[in-house]
Amino acid sequence: MPEKSGAEAIVLSILRTLPGDWRIQKFLYQGTMSSTWLLCSQRVRWKLVLKLAAPKEQAGWALRREISFLRQLRGEGIPFLYHDGADSEIPWYSMIFYEGETLREALWRQQTLTEKETAYIGRRLCRILSVLHERTRPVIYGDLKPENVLLTKDGGVYLLDYGNAWYPGEDQGRIGFRGTVGYAPPECWHLEQAGTGVDIFALGVLLHEMLEGGRPEEHFGEYQLQNSAYKKRWQALIDACTALNAKKRIVDVRKADQLLYIISTM
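Residues numbered from 1 in each chain as written. Predicted model: local features only at pLDDT ≥ 70, side-chain atom pairs only at ≥ 80, totals over all residues. Heavy atoms only, no water.

Chemist: Looking at this structure, how should I read helix H7 (residues 228–241)?
Modeler: Given 3.6 residues to a turn, an α-helix orients residues that are three or four positions apart in the same direction. Between its first and last C-alpha atoms H7 spans 20 Å; for 14 residues at 1.5 Å apiece the expected length is 20 Å, and the two agree. If you look at H7, its biggest bend is around 50°, right at Trp-234. For H7, the elements touching its buried residues are helix H4 (115–133), helix H6 (197–212) and helix H8 (253–264). Near the N-terminus of H7, the side chain that reaches the backbone nitrogen of Ala-229, with its oxygen 2.8 Å away, is that of Asn-227. (Helix = DSSP H or I, 4+ residues; strand = E, 2+ residues; numbered from the N terminus. Expected span 1.5 Å × (residues − 1). Bend = angle between axes of the 7 residues up to and from the residue. Contact = heavy atoms within 4.5 Å. Polar contact = N/O pair within 3.5 Å; in protein donor to acceptor, adjacent residues only side chain to side chain.)

Chemist: What is the right way to read helix H2 (residues 57–72) from this model?
Modeler: For H2, with 16 residues, the first-to-last C-alpha span of 23 Å sits near the 22 Å given by 1.5 Å per residue. Listed in full, the buried residues belonging to H2 are Ala-59, Gly-60, Ala-62, Leu-63, Arg-65, Glu-66, Ile-67, Phe-69 and Leu-70. (Buried < 20%, exposed > 50% of the residue type's maximum accessible area, 1.4 Å probe, protein only.)

Chemist: I would appreciate a short explanation of the nonpolar core in the present structure.
Modeler: Grouped burial of nonpolar side chains is what soluble globular proteins tend to show. With 75 residues, the main nonpolar core has Leu-125, Leu-144 and Trp-234 as its most contacted residues. When residues of this core are assigned to their parent elements, the largest contribution, nine residues, is made by H6. Leaving out residues up to four positions away in the same chain, Leu-125 has contacts with Leu-144, Val-149, Val-157, Leu-159, Leu-203 and Leu-206. Counting residues in each nonpolar core, the second largest holds six residues, with Ile-140, Trp-166, Ala-184 and Val-198 among its members. (Core = buried A, V, L, I, M, F, W, Y, C linked by side-chain atoms within 4.5 Å.)

Chemist: What's the story with a nonpolar patch on the surface in this structure? I'm lost.
Modeler: Among the surface-exposed residues, Tyr-261, Ile-262 and Met-266 lie close enough to one another that they form a single nonpolar patch of about 340 Å² accessible area. Tracing the backbone shows Met-266 in the segment after H8. (Patch = residues over 30% accessible without salt bridge, like charges linked within 9 Å, V, L, I, M, F, W, Y side chains within 5 Å. Areas by Shrake-Rupley, 256 points an atom, 1.4 Å probe, with all protein chains shown as cover. Salt bridge = Lys/Arg side-chain N within 4 Å of Asp/Glu carboxyl O.)

Chemist: Could you clarify how one ought to interpret the sheet that holds strand E4 (residues 81–84) in this entry?
Modeler: As a general point, the strands of a sheet are linked pairwise by backbone hydrogen bonds and lie either parallel or antiparallel. Pairing in this open sheet of five strands is antiparallel, and the strands run E1-E2-E3-E5-E4 from one edge to the other. Each edge of the open sheet carries a strand with a single partner, namely strand E1 (23–30) and E4. Taking each pair of neighbouring strands and ignoring which way they run, the sheet shows an average axis angle of 25°. As judged from the six bridges shared by strand E2 (residues 34–40) and strand E3 (residues 48–53), these two strands associate in the antiparallel manner. When the sheet's bridge partners are listed, Leu-38 is paired in E3 with Val-49. (Pairing = 2+ DSSP bridges. Axes fitted to C-alpha atoms, helices over the stretch in contact; angles between N-to-C directions.)

Chemist: Looking at this model, I keep getting lost on the packing of aromatic side chains. Mind explaining?
Modeler: Think of a pair of aromatic rings as described by two things: how far the centres are apart, and how the planes are tilted against each other in angle. Here the structure, examined in full by the defined rule, presents eight aromatic pairs. Seen from their ring centres, Trp-22 and Trp-46 are 5.4 Å apart, and the 40° between their planes marks the pair as tilted. On the criterion of sequence distance, the pair formed by Trp-22 in the loop between helix H1 (4–15) and E1 and Trp-46 in the loop between E2 and E3 is long-range, its members being 24 residues apart. Classification of Trp-46 by relative accessible area gives partly exposed; the value is 35%. Aromatic pair Trp-22 and Tyr-82: ring centres 6.0 Å apart, planes at 70°, arrangement edge-to-face. Of this pair, Trp-22 sits in the loop between H1 and E1 while Tyr-82 sits in strand E4; the two residues are 60 residues apart in sequence, bridging distant segments of the chain. With relative accessibility at 24%, the residue Tyr-82 sits in the partly exposed group. One aromatic cluster in this structure is built from Trp-22, Trp-46 and Tyr-82. (Phe/Tyr/Trp six-rings, centres within 6.5 Å; stacked < 30°, edge-to-face > 60°.)

This is how it looks when you write it as structure tokens:
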């Protein structure tokens, strides 16, 4: 991974190609596969996030793949791709910056969420996932977890980071295991057998986590609610989402959304 100063020089060269007077406001994050930067302009009120791949083949391949998904996907809660350099030697893209906190940060702050908050976030995620799942060629998001869910101050819910998305039936040899342990069902070890139920499983884990707190590894696959005040309303849905056998799991995200709506009106 290059030093921050090296990556910054690349970002500055990219900014010269963008329309407008964009400049770096601050450095956000550097990981093993990419770095991210916050951009601002004197001419517009909104800001951009620029994501730059690390200068290695696997990182470039992964970011180009993410760009290809973002180019296709449009809908409420899906980040808007502003510009991209998929054909650059070191690929990059910029997207609209949304002010808020991740669901993980909200859980750190509050430990648990209310039933109303949980149902609201769950339903918004269902709507986002329906855009992916109901395409002619469905897209599996593949890494639904609190770190990738952004909650904005105006009540928006966004699903970030499409670097782990894939199409059902894709060759596992190039992609390998996708997702995060604890949120990914067993079939993620065999991607050619995985379908949209992968995202439904993770949704069920998130619902449990929002209501109960803690992390999924603390429950070892047993997502039993302890609070009797809401257990009767939620347990059947969580069980149907987190069934280890994919054939016994809810696979239609609209069905999960309907059940969340029923719970929210009880």
